[in-house]
Amino acid sequence: MNTRLVSIIRKEFIQISRDPRTLILVLIIPVMQLFLLGYAATNDVRNVPLAVFDQDRGASARALLDAFRAADYFRLAYDVDSEADLRELIDRGLARAGLIIPAAYSQQLTSGESTSVAFILDGSDPTVAATALSAAQLIGQSLATDLMTERLERRGASLRLQLPLEVRTQVWYNPDLEQAYFMVPGVIGMILFALTSILTATAIVRERERGTIEQLIVTPIRSWELVVGKLLPYVVLALLNTIEVLVIGAWWFGVPVRGNIGLILGVSAIFLMSSLGIGLLASTIANTQQEAMLSVWMLLLPSLFLSGFFFPLEAMPLVLQWISYAMPLRYYLVIIRSLMLKGVGLQAIQGDVIALALFGVAIMGAAAARFRKRLD
Amino acid sequence: MNALIDAQNLHKAFGSVQAVRGVSLTVRAGEAYGLVGPDGAGKTTTMRLLVGALRADQGQIQVGGFTLGRETEQARAHIGYLAQRFSLYGDLSVAENLTFFGSIRGLRGPALAGRAATLLKFVGLHGFEARRADQLSGGMKQKLGLACALIHEPKILLLDEPTGGVDPVTRQDFWQLLIRVLAEGTAVIVSTPYMDEAARCTRLGFMYQGRVLVEGAPRELTASMQGRVLELAAHPKDAARAVTAADPAVEDVLTFGDRFHVRVRETAGPLARLPAALAQAGVNVERLRAIPPSLEDVFISLLAAQTTPAQA
Ligand SMILES: Nc1ncnc2c1ncn2[C@@H]1O[C@H](COP(=O)(O)OP(=O)(O)O)[C@@H](O)[C@H]1O
Ligand SMILES: [Mg+2]
């Protein structure tokens, strides 16, 4: 065994175990990220507060409201007596949508006439608005179809109304369209990327900041032993984090892990070369832990936005999609989502794995070439 | 005997700052070479060049027979170094620091444990094994630093202001330790701002603005100023200084605590003229006599010689 390497790894673990900041970063942050992004940043639209101005109060109006109530997109939060009240609720953001039922609603329907209701929507959050809009339209259409069938039946046409075309939908991999299925693999990618690069950069810069590097330089430890010895503990931590997030993702959010765990960890290890390399690179540039943190973040932020972490790659402008090919995180996110949700084998992802490996070798190589066992 | 440290014509610049400008020095086994000089003279930079922590812009360094740059790691196997700034791990205990630096230098098992125990006793830190290094006093930190620097029994020891910020009693202890290390045949380079410590060295190099201005045994250095220093104790001080400085044989007058050291071209003239001149100016003279020069006198006169031409 290489005593120099072993001693530096042992020292690093002792230091990690005594540093509350690193421990929090390693143990708590991933879980926090997972819950924050699993819940708060979710794009699922449920329970949009709805204000209702019902001027009719008849049986048909009640049926309409029941239909709104049944779809869990809306919460019938306010029952108002004037349009002005409704407007004020929406102005103040208390209600995000309003429904106005005219006074003659029930009567017009029973007499076989056509009628209309007004649906008002706060468009300031387009995601919420778009979902609420299509939900309201669907509720309306489905109710209208029912009413039409009822009328035809009453006229003796006892046939069930049959639409000439039906689109039968099947959603694969994520049948309930749970946002968590998208976010949890993303969080794994982000943690492997952000946490390890920040931790390795600060771990190395800390030696410089505290002056301990000067003592270390004078020992006969080789550069590669110093680098490997400093990085290896964080590889172990990162892989433990991956397992932590996988377990919580599966157990709490019900995100399936359909792929092979060994394959997931193996690909994650390949991806780690990039993030460790970025951390090492930042450590060769920065003189203080703060500088290191900052330079890592400057590299991280574009990655998060341009690699399909927050926004799907397909939804980005073409130019940004091209740029995304320069982000190692992009490949990893594609891989980890496929592995977890689709349970594919290595064959289906080999192109992305090769790209990831090339990035890892290039970044690590550049960082190692810059790393000097010297003060200047 | 061969030199354990042999540095020739070292140069090192940081941008436009010429930190080291043509330093050469050799140190043999059992020798303590003292680097003295004001802050910013280039002592730390010189030491860092000698241990390979910085790369020289110019010049050659051999340490323990190995050429730095080509055989750096082999050379480092023989080097023990105590940096000016505390550079052990504050979050590790005394024992863990020693074990770490021992094992990183290839010691292990009973050999490492034995050596660590011996050193802890040697520097007087036994009983403090479990104390975290950042909770040690300044003097104890330096002793732990010395122990870590000695863990692999190096032939060459470099100490950069090891007694900086340490109380006088601990400074004394520290030098007793150094004397024992020297007796084992180790070559030591030590930088210090204290003249009493400088006087204990085998040889001294006085550094100023990146150069070694003079080099020699403390006795040789003071001998060069023999018969050129007067001690004057007198009141009132301002008048005493003014009258003394006006004497044609006086080069300068420096305050040393509550007295003056007067540097003169020769002692006979001023000793004859000054008592009368001072009395005439109403100065009450307690003492005026020729004294053997201290190292401080030597270095201050050297500095004066350096700065005077620049001012003229
Ligand atoms: N890493 C560095 N970067 C820039 N300048 C430095 C560096 N180290 C030392 N210097 C400069 O070099 C000169 C010599 O410094 P140093 O060797 O620390 O002197 P000393 O140890 O005698 O006080 C000083 O002017 C100092 O500011
Ligand atoms: Mg210094």
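Up top is the structure.
Figured I'd write up the structure that's included with this text. Treat the numbers as computed from the prediction; the structure is a model and nothing was measured. (Residues numbered from 1 in each chain as written. Chains lettered and ligands numbered in written order. Predicted model: local features only at pLDDT ≥ 70, side-chain atom pairs only at ≥ 80, totals over all residues.)

So, the interface of chain A and chain B
Which entries qualify depends on this criterion: This entry defines residue contacts through backbone-placed C-beta atoms, with two residues in contact when those atoms are within 7 Å. Comment: elements are numbered from the N terminus, with helices defined as DSSP H or I runs of at least four residues and strands as E runs of at least two. As a working rule, the residues Ala, Val, Leu, Ile, Met, Phe, Trp, Tyr, Cys and Pro are called nonpolar, Asp, Glu, Lys and Arg charged, and the rest polar, with Gly in that last group.
Residue-level contacts link 22 residues of chain A with 26 residues of chain B. When contributions to the side of chain A that touches chain B are tallied by element, the ones reaching two or more residues are helix H1 (3-18) and helix H9 (212-217) of chain A. Tallied by class, residues from the side of chain A that touches chain B come to seven nonpolar, seven polar and eight charged.

Comments concerning unusual backbone geometry
With the exception of glycine, the majority of residues adopt a negative phi angle, and the majority of peptide bonds are in the trans configuration. Cut-off, in case you're wondering: Labels follow a simple rule on C-beta atoms placed from the backbone: if 20 or more others lie within 10 Å of a residue's own, it is buried; if 12 or fewer, it is exposed; otherwise it is partly exposed.
With omega at -10 degrees, the peptide bond leading from His-235 of chain B into Pro-236 of chain B counts as cis. For Arg-57 of chain A, which is not a glycine, the phi torsion comes out positive at approximately 60 degrees. Turning to its location among the elements, Arg-57 of chain A is positioned in the loop between strand E1 (48-54) and helix H4 (59-70). The class for Arg-57 of chain A is exposed, based on 11 C-beta atoms found within 10 Å. Located in the positive-phi region is Glu-161 of chain B, a residue other than glycine, with phi close to 45 degrees. Looking at where Glu-161 of chain B falls in the secondary structure, it is placed in the loop between strand E7 (156-160) and helix H6 (168-183).

A few points about the sheet that holds strand E14 (residues 284-290) of chain B
Residue and element names in this part refer to chain B. Counted only if it meets this: Any two strands are treated as partners once DSSP identifies two or more bridges connecting them. Here, axes are lines fitted to C-alpha atoms. For helices the fit covers the stretch in contact, and angles between N-to-C directions go from 0 to 180 degrees.
Strand order in the open sheet formed by four strands is E12-E13-E11-E14, and the pairing between neighbours is antiparallel. Of all the strands in the sheet, just strand E12 (250-256) and E14 have a single pairing partner and so form its edges. Neighbour-to-neighbour, the strand axes of this sheet turn through a mean angle of 20 degrees, independent of strand direction. In terms of strand pairing, strand E11 (residues 229-235) meets strand E13 (residues 259-264) through four bridges, oriented antiparallel. Opposite Val-229, over in E13, you have Arg-263 as the bridge partner. Across the sheet, helix H10 (residues 268-280) touches E11, E12, E13 and E14, and the angle it forms with E14 is around 175 degrees.

Considering the nonpolar core
Quick reminder of the rule: A set of buried residues drawn from Ala, Val, Leu, Ile, Met, Phe, Trp, Tyr and Cys, joined through C-beta atoms within 7 Å, is what defines a nonpolar core.
With 144 residues, the main nonpolar core has Ala-147, Leu-158 and Val-188 of chain B as its most contacted residues. Per-element accounting of this core gives the leading share, 19 residues, to helix H8 (residues 179-209) of chain A. Contact partners of Ala-147 of chain B, with chain neighbours within four places excluded, come to Leu-98, Leu-119, Leu-120, Val-123 and Leu-125 of chain B. Counting 20 residues, the second largest nonpolar core, distinct from the first, contains Phe-68, Leu-89, Leu-109 and Ala-136 of chain A.

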